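Spelled out from the first residue to the last, the chains are:
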Amino acid sequence: MDNKKTLADFGCCFRDDKLRKIEGQGSIVEVSNRKEYVELNEAIDEAVYGMMEKEGLQRQYIREGRLRRFYFASPCYEKKGKILVLIHGSNSAKAGQWSRQLITKSLSRGSQMDYVKRALANNWGVVVLNYNENCEDCGDWCHSAREHALAEWAHAIPDSVKGSIVIAAHGGGGDIAAQVVHRMHLKSDCRVVLVGLIDSSSKITGVYAVNWNMSMKKLHYDKESGAWQMFAGDDSHEGTPSACINSIFALMEPITWNTSNSQFQSLLKNSEEIVYDDFKKMMMMTKKELRVKDVNVSLEPEKEMEKNDERMDTDENEKRNTLKRKRVSFVDDQTSGRSEAQSAKPVAGPCTQTTVSPTSSILKNNNSDAHNLLSIAMGAMTPVKRIKFSNDLLAFLTESCEKYCEVVPEEFKD
């Protein structure tokens, strides 16, 4: 374990309910090969183990000769009046996880932490099986997942544990629940008072069982599975455990050994109402998020236009300053030309040629420059900005003409 990499080694951590980079706001953790992918998943496992330990749960070790493995349990759980046993699904999920695929995107939806915290708040004992974890120092395989699970159950729930037991099992974890309940039923052991299956097709006998699944069908009893079928509040297998948590606890909290069938059905109806209320709230939040997203998408062109307008305003100011500088230069040239014309009086005669005023050439050059600037500016503008720019430019030119008429003598106004 000491040689295993941590999330920090990958430059990431769980923050704001997601797996994120430690530096910056990115949420994508890159791995370059299969080995790094496995190491990252192991780092995620250890991070979740640490979260459970932070809540007070402890690793409970099972030894078989030289082999050793562990599951998690809260302190003195065996003395509590009610014990919640969490059983993750098959595939790659480990203790504390409902879905490894989902946990990187949403810690609250992909992990079992909300179940753990809620059970502890109720002063229940908590046991978290870890049957997908291999035995330590034994390579890639030691026993089957079922053998691991049954061994962990036998170690965690011996006959000396007297409290009532409620189970929450996701997907393939339902098979483990079915096995242990069947074995207990053969021994007339009635400590399990409810099996809460979460999107599982397992068959349960001899105990109250409910399967919160992806189907939106109304509450009904399925004889083949021996479980009541109820909508979980989510249409994805990975998302069902987090979606139905309030509904499950609404059933787990009041149920006891003495709960009658009629009382149980009443609790079922209340549980169904809760899951649909939560589903409606979730749908409203989703629609609100989509509306916000749509508004942001629709505003993107406007925001881009505003940015373009800001850039055009900057360019416009620069061009206006350029025109002003040229106007000042032009006026200075005209003033200088007037002084020269007054001092140098031309001699009239038959051979006198008509000369083009230097100020006329300057004016034409300035008109050409102004025309080029106008073409560039006007072509890049939106219609609204073009009108505004035209009005401002017209006012500027009017003002310039008035000053021109005040400064330049009549003989130079060609």
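These figures come from a predicted structure and were not determined experimentally.

Chemist: Got a sec to walk through the overall build of the protein? Specific residues and values, please.
Modeler: Secondary structure summary: the protein contains 11 helices and 11 strands in total. In the protein, which comprises 414 residues, the share counted as buried stands at 41%. Taking all contacts inside the protein whose residues are at least 6 apart in sequence as the whole, residues at least 24 apart take part in 64%. Here the protein has roughly 23,500 Å² of accessible surface; of this, 52% comes from carbon and sulfur atoms.

Chemist: Account for the pattern of salt bridges, with residues named and values stated.
Modeler: Across all of its chains, the model carries 12 salt bridges by this definition. A salt bridge links Arg 100 to Asp 45; its shortest N-O distance comes to 2.7 Å. Linking Arg 100 in helix α2 (residues 100-103) with Asp 45 in helix α1 (residues 34-54), this pair joins segments that are 55 residues apart in sequence. Of the two residues, Arg 100 and Asp 45, neither departs from the other in class, the shared state being buried. Salt-bridge contacts for Glu 53 lead to Arg 59; the nearest nitrogen and oxygen are separated by 2.8 Å. On the basis of relative accessible area, Arg 59 is assigned to the buried category, the value being 16%. When salt bridges that share partners are traced, they join Asp 45, Lys 94, Arg 100 and Glu 133 into one network.

Chemist: Give me a nonpolar patch on the surface: which residues, what numbers.
Modeler: Taken together, the side chains of Val 31, Tyr 37 and Val 38 define a hydrophobic patch exposed on the protein surface, amounting to about 210 Å² of accessible area. Mapped onto the secondary structure, Val 31 falls in the loop between β2 (18-21) and α1. The exposure class of Val 31 is partly exposed, given its relative accessible area of 32%.

Chemist: Please provide a residue-by-residue account of the nonpolar core, values included.
Modeler: The biggest cluster of nonpolar side chains holds 53 residues, and the ones touching the most others in it are Leu 7, Phe 14, Leu 84, Tyr 115, Val 128 and Val 210. No other element matches α1, which puts 8 residues into this core. One finds Tyr 71, Ile 165, Val 181 and Leu 197 within the second-largest nonpolar core, a separate group that totals 32 residues.

Chemist: Tell me about the sheet that holds strand β6 (residues 125-128), residues and numbers included.
Modeler: The 9 strands lie next to each other as β3-β4-β6-β5-β7-β8-β9-β11-β10, forming an open sheet whose pairing is mixed. The strands lining the two open edges of the sheet, one partner per strand, are β3 (58-64) and β10 (220-222). The sheet shows a mean angle of 25° between the axes of neighbouring strands, direction not considered. Sheet topology note: the strand β9 (residues 209-213)/strand β11 (residues 227-231) ladder contains 4 bridges and is parallel. Residue pairing in the sheet places Trp 212 in a bridge with Met 230 of β11. Packing of helix α6 (residues 173-186) onto the sheet brings it into contact with β5 (82-87), β7 (164-170) and β8 (192-198), and relative to β7 it is tilted by some 150°.

Chemist: Before we move on, can you summarise the side chain of Asp 199 with the specific residues and values?
Modeler: By the secondary structure assignment, Asp 199 is in the loop between β8 and β9. An unpaired buried charge is present at Asp 199: no salt bridge exists, and Arg 109, the closest side chain of opposite charge, is 11 Å distant. Residues within four places of Asp 199 in sequence aside, it is in contact with Gly 171, Asn 211, Trp 212, Asn 213, Met 214, His 237 and Thr 240.

Chemist: Tell me about helix α8 (residues 245-252), and name the residues and values.
Modeler: Most of α8 sits out of view: 7 of its 8 residues are buried. Along α8, the residues classified as buried are Ile 245, Ser 247, Ile 248, Phe 249, Ala 250, Leu 251 and Met 252.

Chemist: Break down the packing of helix α5 (residues 145-156) against α6 for me, with residues and values.
Modeler: Interaxial distance between α5 and α6 falls to 10 Å at its minimum, and their mutual angle equals 50°. On the basis of the axis angle, α5 is oblique to α6. As α5 packs across α6, the resulting crossing turns out to be right-handed. When α5 is examined against α6, the residues Arg 146, Ala 149, Leu 150 and Trp 153 are found in contact with a partner set consisting of Asp 175, Ile 176, Gln 179, Val 180, Arg 183 and Met 184.

Chemist: Could you give an account of unusual backbone geometry, naming the residues involved and the relevant values?
Modeler: Positioned with a positive phi, Ser 188 is a non-glycine residue whose angle comes to about 60°. Summarising the element assignment, Ser 188 is placed in the loop between α6 and β8. Residue class for Ser 188 comes out exposed when judged on its relative accessible area of 61%. Unusually for a residue other than glycine, Asp 199 sits at a positive phi of about 50°. Residue classification places Asp 199 among the buried positions, given a relative accessible area of 16%.

Chemist: Report on the packing of aromatic side chains, specifying residues and quantitative values.
Modeler: Using the criterion set out here, one finds 11 aromatic pairs in the structure. Aromatic pair Tyr 49 and Phe 70: ring centres 5.5 Å apart, planes at 80°, arrangement edge-to-face. Taken together, the residues Tyr 49 in helix α1 and Phe 70 in strand β4 (residues 67-73) connect sequence positions 21 residues apart. Neither residue differs from the other here; Tyr 49 and Phe 70 are each classed as buried. Judged by centre distance (5.7 Å) and plane angle (85°), the rings of Phe 70 and Phe 72 are edge-to-face. By relative accessible area, which is 0% here, Phe 72 ends up buried. Counting every residue linked through ring pairs, the aromatic cluster contains Tyr 49, Tyr 61, Phe 70 and Phe 72. The positively charged end of Arg 59 is found above the aromatic ring belonging to Phe 70, 4.8 Å away from the centroid.

Chemist: Just give me the short version of the packing of helix α4 (residues 113-121) against α8, but keep the residues and values in it.
Modeler: The N-to-C vectors of α4 and α8 enclose an angle of 30°; their axes lie 11 Å apart at closest approach. Classified by the interaxial angle, the pair formed by α4 and α8 is roughly parallel. Judged by the sense of rotation from one axis to the other, the crossing of α4 with α8 is right-handed. Together, Asp 114, Tyr 115, Arg 118 and Ala 119 of α4 and Ile 245, Asn 246, Ile 248 and Phe 249 of α8 make up the contact between the two elements. For the contact of α4 with α8, the per-class residue count stands at 5 nonpolar, 1 polar and 2 charged.

Criteria and cut-off values
- The written sequence of each chain sets the order in which its residues are numbered from 1.
- Reporting in this predicted model follows two pLDDT cut-offs: at least 70 for local features of residues, and 80 or more for side-chain atom pairs to be given and counted; totals over whole chains, interfaces and linings ignore these cut-offs and use all residues.
- Just so you know, side-chain values use all the structure's heavy atoms and leave hydrogens and water out.
- A run of H or I in DSSP becomes a helix once it reaches four residues, and a run of E becomes a strand once it reaches two; helices and strands are each numbered from the N terminus.
- Here the term buried applies to any residue with accessible area under 20% of the maximum for its type, exposed to any over 50%, and partly exposed to those in between, with areas from a 1.4 Å probe on protein chains only.
- It only takes one pair of heavy atoms within 4.5 Å for two residues to be counted as in contact.
- Every accessible area reported is derived by Shrake-Rupley at a probe size of 1.4 Å, with residue values counting cover from the shown protein chains alone.
- For salt bridges, the criterion is a side-chain nitrogen of Lys or Arg within 4 Å of an Asp or Glu carboxyl oxygen.
- Each patch is built from residues lacking any salt bridge and having more than 30% relative accessible area; the joining distance is 9 Å for like charges and 5 Å for nonpolar side chains (Val, Leu, Ile, Met, Phe, Trp, Tyr).
- The definition of a nonpolar core used throughout is a set of buried Ala, Val, Leu, Ile, Met, Phe, Trp, Tyr and Cys residues joined through side-chain atoms within 4.5 Å.
- For two strands to be treated as a pair, DSSP must find no fewer than two bridges joining them.
- For helices, the axis comes from a line fit to the C-alpha atoms of the stretch in contact; other axes are also lines fit to C-alpha atoms, and the angle between any two N-to-C directions lies between 0 and 180 degrees.
- Positive: Lys, Arg. Negative: Asp, Glu. His and the chain ends are not part of the count.
- In these notes the angle categories are as follows: under 35 degrees is roughly parallel, over 145 is roughly antiparallel, 65 to 115 is roughly perpendicular, and the rest is oblique.
- By convention the crossing between two helices is left-handed if the near helix lies anticlockwise of the far one by an angle smaller than a right angle, and right-handed if it lies clockwise.
- Pairing of aromatic rings covers Phe, Tyr and Trp, the last counted by its six-membered ring, and requires centre-to-centre distances within 6.5 Å; plane angles under 30 degrees mean stacked, over 60 mean edge-to-face, and any other angle means tilted.
- Criterion for a charge above a ring: Arg CZ or Lys NZ at most 6 Å from the ring centre, at most 35 degrees from the ring normal.
- All amino acids are sorted into three groups, where Ala, Val, Leu, Ile, Met, Phe, Trp, Tyr, Cys and Pro are nonpolar, Asp, Glu, Lys and Arg are charged, and the leftover types, Gly among them, are polar.

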